[in-house]
Amino acid sequence: MKNIVIVEDEAAIRENYIDVLKKHGYNVQGYDNRPDAQAAFEQALPDLAIIDIGLQDEIDGGFSLCQSLRALSPTVPIIFLTARDSDFDTVCGLRMGADDYLTKDTSLPHLMARIAALFRRSDLLATPTEQETLIERGALTIDKNKMQIFWNKQLIELTVTEFWMVYALAKRPGHVKSRHDLMDEAQVVVDDSTITSHVKRIRKKFLLCDANFDCISTVYGMGYRWGA
């Protein structure tokens, strides 16, 4: 049974989501503030976290909580579920390492589908590595089953969404992938600016490993290409 944590300070909303998730077979814990949720994460990581941005008297408490959880684990799926629907908040949430950003007017079937999709991807980490699942492109090595990417044999800590975007680009070097292609590969539905933010985060992570990294190029008006 998968363990989900939901961090939401409005009791009625929190209990409603908990009830729905339990009916779908998940084990669920709820918290109404950042310190309690963070303490719980430090004791035991959930299989997935759903976080609101505003938590009690902390306007951006959810952002801080996301950063703390991402520091504890680069792969735990994180969904922001919030009433805040500005592009600024969406981009901030994804830059901090969230895998998905949904507003509270999202239907329950859509939310459950997003959760199921994230679990399908994270479950691949437990699959043993087989040689045919390895992709090597110069300094790049991709282990598809374990959803791990290495550059010069150094692990690049990517979220599951970022992993699938790199995989989509690198499996066919030189081919342009549109933003829609990348959305399909990562199983997310977001706007173009959100895809751009993901690509910027990916580049930054590779550059931290190798200051000369330049394998992801922008093809203006079309999308992105792996150029190695």
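Note that this is a predicted model, so its numbers are computed, not measured.

About the thresholds
Residues numbered from 1 in each chain as written. Predicted model: local features only at pLDDT ≥ 70, side-chain atom pairs only at ≥ 80, totals over all residues. Heavy atoms only, no water. Helix = DSSP H or I, 4+ residues; strand = E, 2+ residues; numbered from the N terminus. Buried < 20%, exposed > 50% of the residue type's maximum accessible area, 1.4 Å probe, protein only. Polar contact = N/O pair within 3.5 Å; in protein donor to acceptor, adjacent residues only side chain to side chain. Contact = heavy atoms within 4.5 Å. Salt bridge = Lys/Arg side-chain N within 4 Å of Asp/Glu carboxyl O. Core = buried A, V, L, I, M, F, W, Y, C linked by side-chain atoms within 4.5 Å. Arc of directions from axis to C-beta. Pairing = 2+ DSSP bridges. Axes fitted to C-alpha atoms, helices over the stretch in contact; angles between N-to-C directions.

K.L.:
Residues and numbers for the side chain of Thr-159, please.
P.N.:
With respect to the secondary-structure elements, Thr-159 resides in the loop between strand 9 (154–156) and helix 6 (160–170). Classification of Thr-159 by relative accessible area gives buried; the value is 2%. A polar side-chain atom of Thr-159 sits 3.5 Å from a polar atom in the side chain of Asp-99. For Thr-159, the contacting residues outside a window of four places in its chain are Arg-70, Pro-74, Gly-97, Asp-99 and Lys-205.

K.L.:
Summarise the pattern of salt bridges; cite the residues concerned and give the values.
P.N.:
Within this structure, the stated rule accounts for 11 salt bridges. The partner of Lys-104 in a salt bridge is Glu-8, with the nearest N and O atoms 2.8 Å apart. Of the two residues, Lys-104 sits in the loop between strand 5 (100–103) and helix 5 (108–123) while Glu-8 sits in the loop between strand 1 (3–7) and helix 1 (11–23), which places them 96 residues apart along the sequence. With a closest N to O distance of 3.8 Å, Glu-15 and Arg-14 form a salt bridge.

K.L.:
Explain the nonpolar core to me, using residue names and the numbers behind them.
P.N.:
Residues Ile-50, Ile-115, Phe-206 and Trp-226 are the most contacted members of the largest nonpolar core, which totals 47 residues. A total of 9 residues in this core trace back to one element, the largest contributor, which is helix 6. Contact partners of Phe-206, with chain neighbours within four places excluded, come to Leu-140, Ile-149, Trp-151, Ile-156, Val-166, Phe-213 and Trp-226. Val-7, Phe-41, Ile-53 and Phe-80 belong to the second largest nonpolar core, which has 18 residues in total.

K.L.:
Could you give me a rundown of helix 2 (residues 34–43), with the residues and numbers involved?
P.N.:
Residues spaced three or four apart along an α-helix face the same direction, because each turn holds 3.6 residues. By the burial criterion, the buried members of helix 2 are Ala-37, Gln-38, Ala-40 and Phe-41. Buried residues of helix 2 fall within an arc of 160 degrees about the axis and therefore sit on the same side. Summarising the geometry of helix 2, the exposed residues directed more than 90 degrees from the buried face are Glu-42 and Gln-43. Buried residues along helix 2 sit in contact with strand 1, strand 2 (27–31), strand 3 (48–51) and helix 3 (61–72). One side-chain oxygen of the residue at the start of helix 2 lies 2.8 Å from the amide nitrogen of Asp-36, identifying that residue as Asn-33.

K.L.:
Which residues make up the sheet that holds strand 10 (residues 176–177), and what values do they have?
P.N.:
Strand order in the open sheet made by the 3 strands is 10-12-11, with antiparallel pairing throughout. With partners counted over all chains shown, the strands left at the sheet margins are strand 10 and strand 11 (216–219), one partner each. Here strand 10 runs beside strand 12 (residues 223–226); their pairing, made up of 2 bridges, is antiparallel. Among the inter-strand pairings, Val-176 is bridged to a residue of strand 12, identified as Arg-225. Where helix 6 meets the sheet, it contacts strand 10, strand 11 and strand 12, and its direction lies at approximately 70 degrees from that of strand 12.

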